[in-house]
Amino acid sequence: MGIMSNFRFRSVWIGLSALFLVVVSVLIVQLGHQGSRVISKTAMTNSYQTPKPVTASATPTPQVRPPSASPVVLGSSTRINAAAATHSRDVGIFISNVPGEAGSLETIGAIADMGCTIAYNYSLLDGSPDAIRSYLSYAAAHNLKIIVSLDNLYGSGGEATALQAVRDYGNNPAVWGFGISDEKPEGPADSPEWLPIISDRYHKVKQLTAKPVMSIAVGWSSGNDGQRATFLRSFGLVSDVLAIDSYPIPYLPATGFDQLLRDGPLNRERWFIAQAFSWSAYPDTANGLGYDLGRARYPTTDEMISMARQAIAGGATTIMYYSYFDISANADQLARLRTAINAVKGL
């Protein structure tokens, strides 16, 4: 090989070597970028790992705070996004049916026909194991998820009974999750007593199931919005979902629900429980709140939609109505609620 040929060969070899180094460098950089993206995604995913709560109870009496100097009416917090435009929103209702008893399956069929996709059943665990499983299968056949209330079990059967119910039904596909508290605490005054109790329930239930755990909070009213936000956000460490209720009609303004839900825990899913009943169903509570029962009435269709719309604007992901057992004998109100439910599902 001549000098010039040798020179050309070495030049080509050097050029190819340089090109090889460039390619290797680019690959290393790309792998580094992908690795950083994986790490970032993992960190982001871990940042959303949060705890969750549970409840079960007998049919409760709604709790509504009397108007303060500056009445604050509840709302709920749900983000409105592109998905809402293409996917039907979950809308549910509170029921109190014992599996195996007359009318329990008919209620499932009726609320599913109204458009409900979720039901919070206060009395599910009062049935026999076989009746409960048949009931849940029937709910699944009607595309209905059931929230199992544990709150009553803690009061009557004790913690062991409540936790056994989670073991028995936590893997059932018809079970949405568990409720561990219902309007407790009612406000800042009893929070020091109740939050440790709910926290203990939450963590023990979460050891047994990956299903969501829910708490229900009173749409506590205060002239001090900062105090209300502090109260509602205290549920963020003891629940996966906080459902905030408000039943103002006709005694309080049916407004402000968006801000109420914005005051809820920002790191948890927030639901809103809207009024479908008349306060005439709860005369003792209404009188205790100073409400004139002569003015009691059912919410109109427009009011039930408006309350939900405001709550959704504040971040509510799911709307629940209270309650089926208070209106099941009133065909007119059932028809109004059906219209409202189907309108809210499209919001």
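These numbers were taken from a predicted model, which means no experiment stands behind them.

What follows deals with the overall build of the chain. Scanning the chain from N- to C-terminus turns up 13 helices and eight strands. For the chain, buried positions account for 49% of its 347 residues. Restricting to contacts in the chain with at least 6 residues of sequence separation, those with at least 24 account for 83%.

In this fold, Asp326 is placed in helix H12 (residues 324–327). Here Asp326 falls in the buried class, since its relative accessible area comes to 18%. Through-space distance from the C-alpha of Asp326 to that of Trp279 is 9.7 Å; in sequence the pair is 47 residues apart. When neighbours within four sequence positions are excluded, Asp326 is seen to be in contact with Phe277, Ala281, Tyr282 and Tyr298.

Strand S5 (residues 213–218) sits mainly inside the fold: six of its six residues count as buried. Of the two faces of S5, the one holding Val213, Ser215 and Ala217 and the one holding Met214, Ile216 and Val218 are both buried throughout. The sheet contact formed by strand S4 (residues 175–182) and S5 spans four bridges and is parallel. In the sheet register, Phe178 faces S5, and the bridge partner there is Val213.

Another point: helix H13 (residues 331–344). Look at H13: 20 Å from first C-alpha to last across 14 residues, which is about the 20 Å you get at 1.5 Å a residue. For H13, the set of buried residues is Gln333, Leu334, Leu337, Ala340, Ile341 and Val344. For H13, the angular spread of buried residues about the axis comes to 125°, placing them on one side. Along H13, exposed side chains directed more than 90 degrees from the buried face belong to Ala331 and Asp332. Of the surrounding secondary structure, the elements contacted by the buried residues of H13 are strand S1 (91–95), helix H3 (104–114), helix H11 (301–313), strand S8 (318–322) and H12.

Moving on, we get to the nonpolar core. Residues Leu150 and Tyr321 are the most contacted members of the largest nonpolar core, which totals 66 residues. Take this core: its biggest share by element is six residues, from H11. Core analysis: the next-biggest nonpolar cluster, separate from the first, contains 24 residues, Met214, Tyr251, Trp279 and Met320 among them.

This paragraph deals with helix H6 (residues 159–169). Residue pairs three or four apart in sequence face the same way in an α-helix, which turns once every 3.6 residues. Along H6, the positions that sit buried rather than exposed are Ala162, Leu163, Ala165, Val166 and Tyr169. The buried residues of H6 occupy one face: seen down the axis, they fall within an arc of 150°. Of the surrounding secondary structure, the elements contacted by the buried residues of H6 are helix H4 (129–141), helix H5 (151–155), S4 and helix H7 (191–206).

Running from N to C, H3 and H4 cross one another at 20°; their axes reach a closest spacing of 10 Å. By the angle class used here, H3 and H4 are roughly parallel. Here the hand of the crossing between H3 and H4 comes out right-handed. Counted together, Ser104, Leu105, Ile108 and Gly109 of H3 and Tyr135, Tyr138 and Ala139 of H4 form the full contact between these two elements. Considered class by class, the residues forming the contact of H3 with H4 number five nonpolar, two polar and no charged.

A few words on unusual backbone geometry. For the bond running from Ile249 to Pro250, omega is 5°, close enough to zero to count as cis. As for its placement among the helices and strands, Pro250 is situated in the loop between strand S6 (241–245) and helix H9 (257–262). A cis amide bond, omega -5°, links Tyr322 with the succeeding residue Ser323. Of note, Ser323 is situated in the loop between S8 and H12. In this structure, Asn143 takes a positive phi of about 55° despite not being glycine. In this fold, Asn143 is placed in the loop between H4 and strand S3 (145–149). A relative accessible area of 64% places Asn143 in the exposed class. Phi at Glu183 is positive, roughly 60°, even though this residue is not glycine. As for its placement among the helices and strands, Glu183 is situated in the loop between S4 and H7. When its relative accessible area of 6% is taken as the criterion, Glu183 is described as buried.

With that settled, consider the pairing of S4. Counted residue by residue, S4 has eight buried out of eight residues, so it is predominantly covered. As paired elements, S3 and S4 share four bridges and run parallel to each other. Its bridge partner being in S4, Val148 is matched across the sheet by Phe178. Taken together, S4, H7 and S5 constitute a β-α-β crossover, and its handedness is right-handed.

Calculation criteria
Residues numbered from 1 in each chain as written. Predicted model: local features only at pLDDT ≥ 70, side-chain atom pairs only at ≥ 80, totals over all residues. Heavy atoms only, no water. Helix = DSSP H or I, 4+ residues; strand = E, 2+ residues; numbered from the N terminus. Buried < 20%, exposed > 50% of the residue type's maximum accessible area, 1.4 Å probe, protein only. Contact = heavy atoms within 4.5 Å. Pairing = 2+ DSSP bridges. Expected span 1.5 Å × (residues − 1). Arc of directions from axis to C-beta. Core = buried A, V, L, I, M, F, W, Y, C linked by side-chain atoms within 4.5 Å. Axes fitted to C-alpha atoms, helices over the stretch in contact; angles between N-to-C directions. Parallel < 35°, antiparallel > 145°, perpendicular 65-115°, else oblique. Left-handed = near helix turned anticlockwise from the far one by under 90°. Nonpolar A, V, L, I, M, F, W, Y, C, P; charged D, E, K, R; others polar. Right-handed = clockwise from strand over helix to strand, strands pointing away.

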